[in-house]
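# Fold and contact review
Single-letter residue listing:
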Amino acid sequence: MNKKGFTLIELLAVIVILAIIALIAVPVIMNIISSARKSAFEDTAYGLIDAGEMYYASSLLENGMASDVEFTIEDGKFVGENKLEVKGALPTNGKITVTKDGRVAIAVNNGAHCVTKATSESAITTVKYEGSCEYKKAANPIITSTATCITNENETCSLDAIKAGIAVNVKVNAKEEAKTFYVVKDDATTNTLTLIMDRNVDENTVAWISEKDYGCGETGDYCSTNEKGPLTALNYLESKTSSWTNIPAKTYTLADDQGQYTIERTNARARMLTHDEAIDLLGCVDYGVGCPAWLYGNLSNPPYGFWLSSAYVDGGDFAWYVNNDGSFFFYNVYHGSDYGVRPVIEIQKTII
């Protein structure tokens with residue numbers, strides 16, 4: 001029986017067909033593999049975010065977090081004292097930050113992909129890794145400034161720059177025009193900016209305390225004591241800033257730096273300046289003129305100035321204030337016809 005094999009032309013045709021199939025199939029398969037690896041790495045990133053949130057939840061069962069905590073990964077391992085409980089392999093390199101108010105920022109890579117998430121976002125962003133993978137800035141920053149140290153979370157303002165009062169524009173909510181604030185402190189340890197508005201919250205005056213808030217008499221009765229802190233002034237300030245939804249609400253524990261009281265304010269978007277901040281950070285002078293001009297500018301008559309949150313330690317019915325001529329003194333806490341309140345806000349640099 002005659003046996004007949006493939007001709008050379010038939011073999012070449014088969015080879016060409018196989019080559020065409022390979023040209024079509026290989027990229028598809030490679031894309032599937034690449035997509036699977038990307039998806040797996042994104043799952044790893046979300047696992048790190050979940051671990052950061054669990055770290056914050058665990059801290060609440062103890063004493064909470066006094067400052068932000070950063071976790072660093074190098075060569076697939078956590079380095080330093082800070083570590084998260086994570087199942088599975090870690091990214092090659094990167095950082096995770098858990099803020100003291102429970103938000104998580106991430107910037108990690110596996111050599112092929114870079115995953116980032118700002119604390120203000122809920123979803124991650126994945127791009128091709130090209131040698132750098134840094135924390136992502138918010139798409140619409142609430143703070144703008146010409147000062148690099150303000151807009152770059154990795155660069156801290158110098159003390160001289162802080163005392164000069166770097167001006168920034170803050171978008172407190174979606175409806176109002178941006179307001180001008182000045183830097184009080186740029187804290188490299190907590191990565192937090194402390195800012196004070198360039199004017200009082202409005203043109204109204206307010207007592208440091210009132211009879212109603214202190215429970216020491218009916219409205220209109222004489223009531224003069226500073227032992228519970230500036231409840232009236234804080235209530236007024238917080239009511240006026242409650243619409244500042246771009247400013248994260250916080251719990252402030254106000255331990256009076258003059259040793260009179262400790263109070264806690266929850267869900268507050270602003271606080272008052274303290275005596276020690278005015279003296280130690282801003283150069284004000286007890287019983288004299290010395291505050292920088294930007295700290296008392298834009299004051300009408302009245303208000304002639306604004307209250308601080310600190311009581312006067314040597315007088316049970318006095319509290320500190322900044323006057324419209326730059327002087328720094330104390331006045332009767334019940335006197336509500338001369339001074340107002342000026343908002344101080346604290347913002348994590350990772351969200352601006």
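The structure reproduced in this document is the subject of the present report.

Scoring rules and cut-offs
- Residues numbered from 1 in each chain as written.
- Predicted model: local features only at pLDDT ≥ 70, side-chain atom pairs only at ≥ 80, totals over all residues.
- Heavy atoms only, no water.
- Helix = DSSP H or I, 4+ residues; strand = E, 2+ residues; numbered from the N terminus.
- Rg over C-alpha atoms; globule rule 2.2 N^0.38 Å.
- Buried < 20%, exposed > 50% of the residue type's maximum accessible area, 1.4 Å probe, protein only.
- Contact = heavy atoms within 4.5 Å.
- Areas by Shrake-Rupley, 256 points an atom, 1.4 Å probe, with all protein chains shown as cover.
- Lys, Arg positive; Asp, Glu negative; His and termini not counted.
- Charge placed at Lys NZ, Arg CZ, Asp CG, Glu CD.
- Patch = residues over 30% accessible without salt bridge, like charges linked within 9 Å, V, L, I, M, F, W, Y side chains within 5 Å.
- Salt bridge = Lys/Arg side-chain N within 4 Å of Asp/Glu carboxyl O.
- Phe/Tyr/Trp six-rings, centres within 6.5 Å; stacked < 30°, edge-to-face > 60°.
- Pairing = 2+ DSSP bridges.
- Disulfide = S-S within 2.5 Å.
- Core = buried A, V, L, I, M, F, W, Y, C linked by side-chain atoms within 4.5 Å.

Time to look at the overall build of the chain. Counting its regular elements, the chain contains seven helices and 18 strands. The globule rule puts the C-alpha radius of gyration for 352 residues at 20 Å, and the 29 Å found for the chain is more than 25% above it. By the burial criterion, 45% of the 352 residues in the chain qualify as buried. Taking all contacts inside the chain whose residues are at least 6 apart in sequence as the whole, residues at least 24 apart take part in 57%. Of the roughly 17900 Å² that the chain leaves accessible, carbon and sulfur atoms contribute 52%. Separation of charge centres in the chain, based on 29 positive and 44 negative side chains, amounts to 12 Å.

Attention now moves to a nonpolar patch on the surface. Residues Val16, Ile20, Leu23, Ile24, Val28 and Ile32 make up a contiguous nonpolar surface patch of roughly 590 Å² in combined accessible area. On the secondary structure map, Ile20 appears in helix H1 (residues 8-60).

A few words on the pattern of salt bridges. Opposite charge on two side chains makes pairing possible when the charged atoms of those side chains draw close. One pass over the full model with this rule turns up nine salt bridges. Ionic pairing is found between Lys250 and Glu346, a salt bridge with its closest N-O pair at 2.7 Å. Of the two residues, Lys250 sits in strand S11 (residues 250-255) while Glu346 sits in strand S18 (residues 344-348), which places them 96 residues apart along the sequence. In this structure, Lys250 and Glu346 share a single accessibility class: buried. Residues Arg271 and Glu277 are paired through a salt bridge, measuring 2.7 Å at the closest nitrogen-oxygen approach.

In this section: the packing of aromatic side chains. Scanning the model with the defined rule gives 18 aromatic pairs in all. Taking 5.1 Å as the distance between ring centres and 75° as the angle between the ring planes, the aromatic pair formed by Phe318 and Phe330 counts as edge-to-face. Of the two residues, Phe318 sits in strand S15 (residues 318-323) while Phe330 sits in strand S16 (residues 327-332), which places them 12 residues apart along the sequence. Look at Phe330 and you get buried, because its relative accessible area is 17%. Taken together, a centroid distance of 4.3 Å and an interplanar angle of 25° make the contact between Tyr321 and Tyr339 stacked. With Tyr321 in strand S15 and Tyr339 in strand S17 (residues 339-340), this residue pair connects regions lying 18 residues apart in the sequence. There is no split in this pair, since Tyr321 and Tyr339 are both buried. Site record: aromatic cluster; members linked through ring pairs are Tyr287, Tyr312, Phe318, Trp320, Phe328, Phe329 and Phe330.

Another aspect to go through is the sheet that holds S17. Strand pairing in a sheet is mediated by backbone hydrogen bonds. Such pairs are either parallel or antiparallel. If you trace the five strands from one edge of the open sheet to the other, you get S13-S16-S15-S14-S17, paired in mixed fashion. Looking at which strands have only one partner, the edges of the open sheet turn out to be strand S13 (288-289) and S17. Alignment of strand S14 (residues 305-311) against S17, held across two bridges, turns out to be parallel. Its bridge partner being in S17, Gly305 is matched across the sheet by Tyr339.

This brings us to the state of the cysteines. According to the stated counting rule, one finds three disulfides in the structure shown. Cys149 shares a disulfide with Cys157; S-S distance 2.2 Å. Its S-S torsion of approximately 80° makes the covalent link between Cys149 and Cys157 right-handed. In terms of burial, Cys149 and Cys157 fall into one category: buried.

The nonpolar side chains of soluble globular proteins are, as a tendency, buried together. Core analysis: the largest hydrophobic core is formed by 44 residues, its most contacted members being Ile150, Val170, Phe181, Leu195, Trp208 and Ile345. Ignoring any residue separated from it by four or fewer positions in sequence, one finds Phe181 in contact with Ile166, Ala167, Val168, Val170, Val172, Leu195, Ile196, Met197, Asp198, Trp244, Pro343 and Ile345.

With that out of the way, let us pick up the environment of Cys284. You can see Cys284 is positioned in the loop between helix H6 (275-281) and S13. Remark: the alpha-carbon pair of Cys284 and Gly326, spanning 42 residues in sequence, is separated by 8.0 Å. Beyond its immediate stretch of four places on either side in the chain, Cys284 contacts Ala278, Ile279, Gly290, Cys291, Pro292, Leu295 and Phe328.

Next up on the list: the sheet that holds strand S7 (residues 143-144). Ordered by their spatial adjacency, five strands build an open sheet running S7-S8-S9-S10-S18, and the pairing between neighbours is antiparallel. The two strands at the open ends of the sheet, each matched to only one other strand, are S7 and S18. Pairing between strand S9 (residues 179-187) and strand S10 (residues 192-197): six bridges, direction antiparallel. Along S10, the bridge assignment pairs Asp186 with Leu193.

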